[in-house]
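Chain by chain, the residues:
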Amino acid sequence: MSATTATAVRRRGVGLGLLAWLAGIVFVLPLAWMVLTSFHSEADAATNPPSFGAALTLDGYRDFFGTGGGASPWPALVNSTVASLTSTVCVLLLALPAAYALSIRPVKKWTDVLFFFLSTKMLPVVAGLLPIYLFAKNTGMLDTIWLLVILYTSMNLPIAVWMMQSFLAEVPVAIIEAARVDGARLPTILARVVAPIALPGIAATALICFIFSWNELLFARVLTGVVAETAPVFLTGFITSQGLFLAKVCAASLVISLPVLAAGFAAQDKLVQGLSLGAVK
């Protein structure tokens, strides 16, 4: 490689690095702004342009956690945690054997099956809201956490099957055949052979399903009231006819976002490995 070519490659790498840093700053800037606003008083948060040098305070967090006499967010946070984690576990238990049947032991016209799974996501959520509401009302499941678990499981299952099918397609068939020769049955093969090999893909699928369930608002807003209220629904309660309280909303948004951010940070290595499975042969 000539000196001119090496210099051009080096400059290109520097340019791409600067572009990546710029893109990262653009994506992180709104989050940083929200964090800073959450530590301001309502008067300073409402200034236009924003006052970056204003005094910092924890009043927004005190109001969110109900120390000033407001409603406590803990029931809503617990409901979101239970609904998101339970539905994610259910999705993984159902998606793993389905993806196994579509990849390692493919059924006839498996591509049509995958397209059918994906087509279920094309229905607007609002179109199914009234039938689901009537069903929940007639079965006595309104304002219950188990209704949300069933809904979140059914909503995330098509995406999970689609993702895990591509992950499980990378599992060597020879290992599965060897386990079958040793007398292992399907549940053992899935739990002790397939799952450990496809663990990065399973982790990526679980994280995405958890995020989708945690952030879901429409069904939780319509189908829950007091008992099964979730964190996003609780967050909308800070927007009242009296106005928008920016500092309190930013504090609440940050607290509600922390579980998703923590899960993504903890599983970032598995997420990268999972999303890159099959990308390089």
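Values in this document were obtained by computation on a predicted structure and should not be read as measured data.

## Some words on the overall build of the chain
So, point 1. Each helix and strand counted, the chain has 14 helices and two strands in total.
So, point 2. Compactness check: the chain gives a C-alpha radius of gyration of 24 Å against a globular reference of 19 Å for 281 residues, more than 25% above the reference.
So, point 3. For the chain, the spread of C-alpha atoms along the principal axes amounts to about 75 × 70 × 35 Å.
So, point 4. Expressed as a percentage of the 281 residues in the chain, the buried residues total 34%.
So, point 5. Total accessible area on the chain is roughly 16,400 Å²; 71% of this is exposed by carbon and sulfur atoms.
So, point 6. Between the mean site of the 16 positive side-chain charges and the mean site of the 12 negative ones, the chain shows a separation of 13 Å.

## Some details on the packing of helix α10 (residues 199–215) against helix α13 (residues 246–266)
So, point 1. As a packed pair, α10 and α13 sit with axes 10 Å apart at the nearest point and diverge in direction by 175°. By the angle between their directions, the pair α10 and α13 is classed as roughly antiparallel. Contacts from Leu-207, Phe-210, Ile-211 and Trp-214 in α10 reach Ile-256, Pro-259, Val-260, Ala-263 and Gly-264 in α13.
So, point 2. Grouping the amino acids of the contact of α10 with α13 by side-chain chemistry returns eight nonpolar, one polar and no charged.

## Remarks on the pattern of salt bridges
So, point 1. For the structure shown, the criterion picks out two salt bridges.
So, point 2. For Asp-59, the salt bridge is made with Arg-62, and the minimal N-O distance between the two is 2.8 Å. With Asp-59 and Arg-62 both in helix α3 (residues 59–64) and three residues apart, this pair spans about one turn of that helix.
So, point 3. Since its relative accessible area comes to 42%, Arg-62 is described here as partly exposed.

## Points about the side chain of Asn-156
So, point 1. Tracing the chain through its elements places Asn-156 in helix α7 (residues 145–168).
So, point 2. Accessibility expressed as a relative area gives 5% for Asn-156, which makes it buried.
So, point 3. Leaving out residues up to four positions away in the same chain, Asn-156 has contacts with Val-91, Cys-209, Phe-212 and Ser-213.

## Quick notes on the packing of helix α8 (residues 173–181) against helix α9 (residues 186–197)
So, point 1. Where α8 meets α9, the axes come as close as 11 Å, and the angle between the chain directions of the two elements is 160°. When the interaxial angle is binned, α8 and α9 end up roughly antiparallel. For the element pair α8 and α9, the recorded crossing hand is right-handed. Side by side, α8 and α9 meet where Ile-175, Ile-176, Ala-179 and Arg-180 of the first sit next to Ile-189, Val-193, Val-194 and Ile-197 of the second.
So, point 2. Considering only residue class, the contact of α8 with α9 consists of seven nonpolar, no polar and one charged.

## Some points on the nonpolar core
So, point 1. The biggest cluster of nonpolar side chains holds 25 residues, and the ones touching the most others in it are Leu-96, Tyr-100, Ile-104, Met-164, Leu-168, Ile-176 and Val-194.
So, point 2. Secondary-structure elements contributing two or more residues to this core are α4 (74–103), α7, α8, α9 and α10.
So, point 3. Setting aside its immediate chain neighbours within four residues, Tyr-100 contacts Arg-105, Leu-168, Ile-176, Arg-180, Leu-186, Leu-190 and Val-194.
So, point 4. Counting residues in each nonpolar core, the second largest holds 19 residues, with Phe-64, Leu-235, Leu-254 and Val-255 among its members.

## What to know about the side chain of Ser-103
So, point 1. Within the secondary structure, Ser-103 is located in helix α4.
So, point 2. Overall, Ser-103 belongs to the buried group, its relative accessible area being 16%.
So, point 3. Of note is the side chain of Ser-103, whose polar atom sits 2.6 Å from the backbone oxygen of Ala-99.
So, point 4. The contacts of Ser-103, once residues within four sequence positions are left out, are Gln-165, Leu-168 and Ala-169.

## Side note on a nonpolar patch on the surface
So, point 1. Together, Leu-16, Leu-19, Leu-22 and Val-26 give the surface a local cluster of nonpolar side chains, amounting to about 400 Å² of exposed area.
So, point 2. Relative to the helices and strands, Leu-16 resides in helix α1 (residues 3–38).
So, point 3. Taking the relative accessible area as the measure of exposure, Leu-16 reaches 52% and is therefore exposed.

Conventions we followed
- Residues numbered from 1 in each chain as written.
- Predicted model: local features only at pLDDT ≥ 70, side-chain atom pairs only at ≥ 80, totals over all residues.
- Heavy atoms only, no water.
- Helix = DSSP H or I, 4+ residues; strand = E, 2+ residues; numbered from the N terminus.
- Rg over C-alpha atoms; globule rule 2.2 N^0.38 Å.
- Buried < 20%, exposed > 50% of the residue type's maximum accessible area, 1.4 Å probe, protein only.
- Areas by Shrake-Rupley, 256 points an atom, 1.4 Å probe, with all protein chains shown as cover.
- Lys, Arg positive; Asp, Glu negative; His and termini not counted.
- Charge placed at Lys NZ, Arg CZ, Asp CG, Glu CD.
- Axes fitted to C-alpha atoms, helices over the stretch in contact; angles between N-to-C directions.
- Parallel < 35°, antiparallel > 145°, perpendicular 65-115°, else oblique.
- Contact = heavy atoms within 4.5 Å.
- Nonpolar A, V, L, I, M, F, W, Y, C, P; charged D, E, K, R; others polar.
- Salt bridge = Lys/Arg side-chain N within 4 Å of Asp/Glu carboxyl O.
- Left-handed = near helix turned anticlockwise from the far one by under 90°.
- Core = buried A, V, L, I, M, F, W, Y, C linked by side-chain atoms within 4.5 Å.
- Polar contact = N/O pair within 3.5 Å; in protein donor to acceptor, adjacent residues only side chain to side chain.
- Patch = residues over 30% accessible without salt bridge, like charges linked within 9 Å, V, L, I, M, F, W, Y side chains within 5 Å.

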